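Structural characterization, general
Here are the chains, one letter per residue:
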Amino acid sequence: MIDLRSDTVTQPTEAMRKRMAAAAVGDDVFQDDPTVNKLEALMAEMSGKANALFVPSGTMSNLVGLLAHCQRGEEYIVGQGYHTYLYEAGGAPVLGSIVPQPVEIEPDGTLDLTKVESVIKKDDYHFARTKLLCLENTHNGKVISLDYMQKAYDFAKSKGLSVHLDGARAFNATVALGCELKDLTQYADSVSICLSKGLGAPVGSVLCGDKDTIKWARRWRKMVGGGMRQAGVLAAAGIYALENHVERLARDHAKAKVLAERLAEIPQLEVKPELVQTNMVFIRSDKAVAAHLADYLLQKGIRIIPGETMRWVLHLDIKQEHVDYISDQVKAFFN
Ligand SMILES: *Cc1c(COP(=O)(O)O)cnc(C)c1O
């Protein structure tokens, strides 16, 4: 199967499985797991933060990160379509009693800082207390520039706000920007990074931040049931991914570009290769046609999620020759 639905569908490689099987482990709730400790130290170093915390998912990483910054009745400003507002089942307000203030997202994936400023609450007991600005990079495959990150960070600081970065795909951003992780994460007080997306680990995310933030996040992680025991088996996959699967993300970006260019030749599809910045291709088509296309491709061993706007995601398990096969099959369908 060639699975284009997400970069979360990857299988751990043989080499990764070997590292998992051989991992030294201990009880991580006692902070006794040497492999988890090693992963956390590695991520802290790469992100330029004092500390890091291994958690089961990006959703939990964002949740404990937001709760480390905001107390009950405090507010975070967030993009209307960002994961931390839309795709986490309302966890922050439901579980944390903190208040999201969504702002419409600009076409480039950023938040307009004038709009952000207009929703910051003044100190008045009618209002929730605005505490945090939450950004996302990459957003829908779009890379947010270092220049914007710096502007947003400086702006937040000038307003007394902290910044949390949902960097689920932060390495896709740094590879596209040609910079180090810490060049990006210097503009956030905390950052959440997924190991289980393009990096190809089976499970896990890491939250990075200063000592106090991670101390609070560890407490919240325990409360929401994310304290894992011999988690080194999973952390080993993460370390392997950080050592071996970061630079190769450039290949996923290149494959996405080629696929977009091939699909753009098909008049029934609307694809803009010039907008492809990382590993995602967005395709617009008629909804019914997309449903037929999905059925057809499934018979050819290709999985997509049909829709008026489709997101096809390139990853570790999709090889260059698959890109040719995919575009040939899509062309065959329309012929
Ligand atoms: C996938 C994703 C997450 C959450 O990750 P899970 O591990 O699926 O919970 C958070 N933010 C963004 C932008 C994501 O793409």
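Before going further, it helps to spend a moment on the pairing of strand β7 (residues 190–194). In terms of burial, β7 is largely enclosed, as five of its five residues are buried. Burial of β7 is two-sided: the residues S190, S192 and C194 facing one way and the residues V191 and I193 facing the other way are all buried. Sheet analysis places strand β6 (residues 162–166) next to β7, joined by three bridges and oriented parallel. Across the sheet, residue D166 finds its bridge partner in β7, namely S192. In the sheet, β7 pairs with strand β8 (residues 205–209) via five bridges, with the strands oriented antiparallel. Within β8, the residue paired with S190 across the bridge is G209.

On to the domain arrangement of the protein chain, then. Domain annotation of the protein chain identifies domain 1 (14–244) and domain 2 (248–334). Once you take the C-alpha centre of each, domain 1 and domain 2 turn out to be 29 Å apart. Facing 14 residues of domain 1, the contacting portion of domain 2 comprises eleven residues. For the pair domain 1 and domain 2, the summed buried surface comes to about 1,000 Å²; carbon and sulfur atoms form 59% of the total. Across the contact surface, domain 1 and domain 2 share zero salt bridges. Our count for the domain 1 to domain 2 interface comes out at three residue pairs in polar contact (both at pLDDT 80 or more). If one sorts the elements of the side of domain 1 that touches domain 2 by residue count, helix α8 (residues 170–177) sits on top with four residues. Per-class residue counts for the side of domain 1 that touches domain 2 are five nonpolar, seven polar and two charged.

Looking at the ligand, the residues that line it are S57, G58, T59, N62, H83, E88, E136, D166, A168, R169, C194 and K197. One of the side-chain nitrogen or oxygen atoms of D166 is found 2.6 Å away from a nitrogen atom of the ligand. Contact distances for the ligand include 2.7 Å between an oxygen atom and a side-chain N or O atom of K197. Look at the ligand: alone it shows 380 Å² of surface, and the protein chains cover 81% of it. Taken atom by atom, the bulk of the ligand overlaps the largest pocket. Ranked by residues supplied to the shell around the ligand, first place goes to helix α3 (residues 58–69) with three residues. By residue class, the composition of the shell around the ligand is two nonpolar, five polar and five charged.

The subject of this paragraph is the sheet that holds strand β3 (residues 74–79). With mixed pairing, the seven strands of this open sheet are ordered in space as β2-β8-β7-β6-β5-β3-β4. With one partner strand each, in any of the chains shown, β2 (51–55) and β4 (99–103) form the two edges of the open sheet. Adjacent strand axes in the sheet meet at a mean angle of 20°, parallel and antiparallel pairs treated alike. Contacting β2, β7 and β8, helix α2 (residues 34–47) crosses the sheet at an angle of about 130° to β2.

Spatially, β9-β10-β12 is the arrangement adopted by the three strands of the open sheet, whose pairing is antiparallel. One side of each edge strand has no neighbouring strand; the edge strands of this open sheet are β9 (270–271) and β12 (309–313). Two elements, strand β10 (residues 280–284) and β12, share five bridges in a ladder whose sense is antiparallel. Counterpart to I283 in the pairing with β12 is M310.

So, on to the pattern of salt bridges. The tally for this structure, following the rule as stated, stands at 20 salt bridges. The partner of E243 in a salt bridge is R19, with the nearest N and O atoms 3.1 Å apart. Placement of E243 in helix α11 (residues 232–244) and of R19 in helix α1 (residues 14–21) is noted, with a sequence separation of 224 residues between them. Take R19: its relative accessible area is 31%, and that puts it in the partly exposed class.

Another point: the state of the cysteines. Counting across every chain of the model gives zero disulfides. Of all cysteine sulfurs in the structure, the one in C208 sits closest to C179, which takes part in no disulfide; the separation is 15 Å. With no disulfide of its own, C208 lies 12 Å from the sulfur of C194, the closest cysteine sulfur.

Okay, empty space enclosed by the protein next. Tallied over the entire structure, the rule returns one cavity of 30 Å³ or more. Taken as a whole, the largest cavity encloses approximately 30 Å³ of empty space. Considering the residues around the largest cavity, the lining is formed by A168, R169, A170, F171, N172, C194, K197, G198, L199 and L249. Among the elements that make up the lining of the largest cavity, the one with the highest residue count is α8 (three residues). Here the lining of the largest cavity is composed, by residue class, of six nonpolar, two polar and two charged.

Analysis parameters
- Residues numbered from 1 in each chain as written.
- Predicted model: local features only at pLDDT ≥ 70, side-chain atom pairs only at ≥ 80, totals over all residues.
- Heavy atoms only, no water.
- Buried < 20%, exposed > 50% of the residue type's maximum accessible area, 1.4 Å probe, protein only.
- Helix = DSSP H or I, 4+ residues; strand = E, 2+ residues; numbered from the N terminus.
- Pairing = 2+ DSSP bridges.
- Domains from an automatic or database assignment.
- Contact = heavy atoms within 4.5 Å.
- Buried area = accessible area lost by both parts, 1.4 Å probe.
- Salt bridge = Lys/Arg side-chain N within 4 Å of Asp/Glu carboxyl O.
- Polar contact = N/O pair within 3.5 Å; in protein donor to acceptor, adjacent residues only side chain to side chain.
- Nonpolar A, V, L, I, M, F, W, Y, C, P; charged D, E, K, R; others polar.
- Near = heavy atom within 4 Å.
- Areas by Shrake-Rupley, 256 points an atom, 1.4 Å probe, with all protein chains shown as cover.
- 1 Å grid on protein atoms, 1.4 Å probe; cavity = no way out; pocket = protein on both sides within 12 Å on 5 of 7 lines; lining within 4 Å.
- Sits in = over half its atoms within 2 Å of the grid points.
- Axes fitted to C-alpha atoms, helices over the stretch in contact; angles between N-to-C directions.
- Disulfide = S-S within 2.5 Å.
- Points joined across faces, edges and corners; volume = space filled by probe spheres on them.

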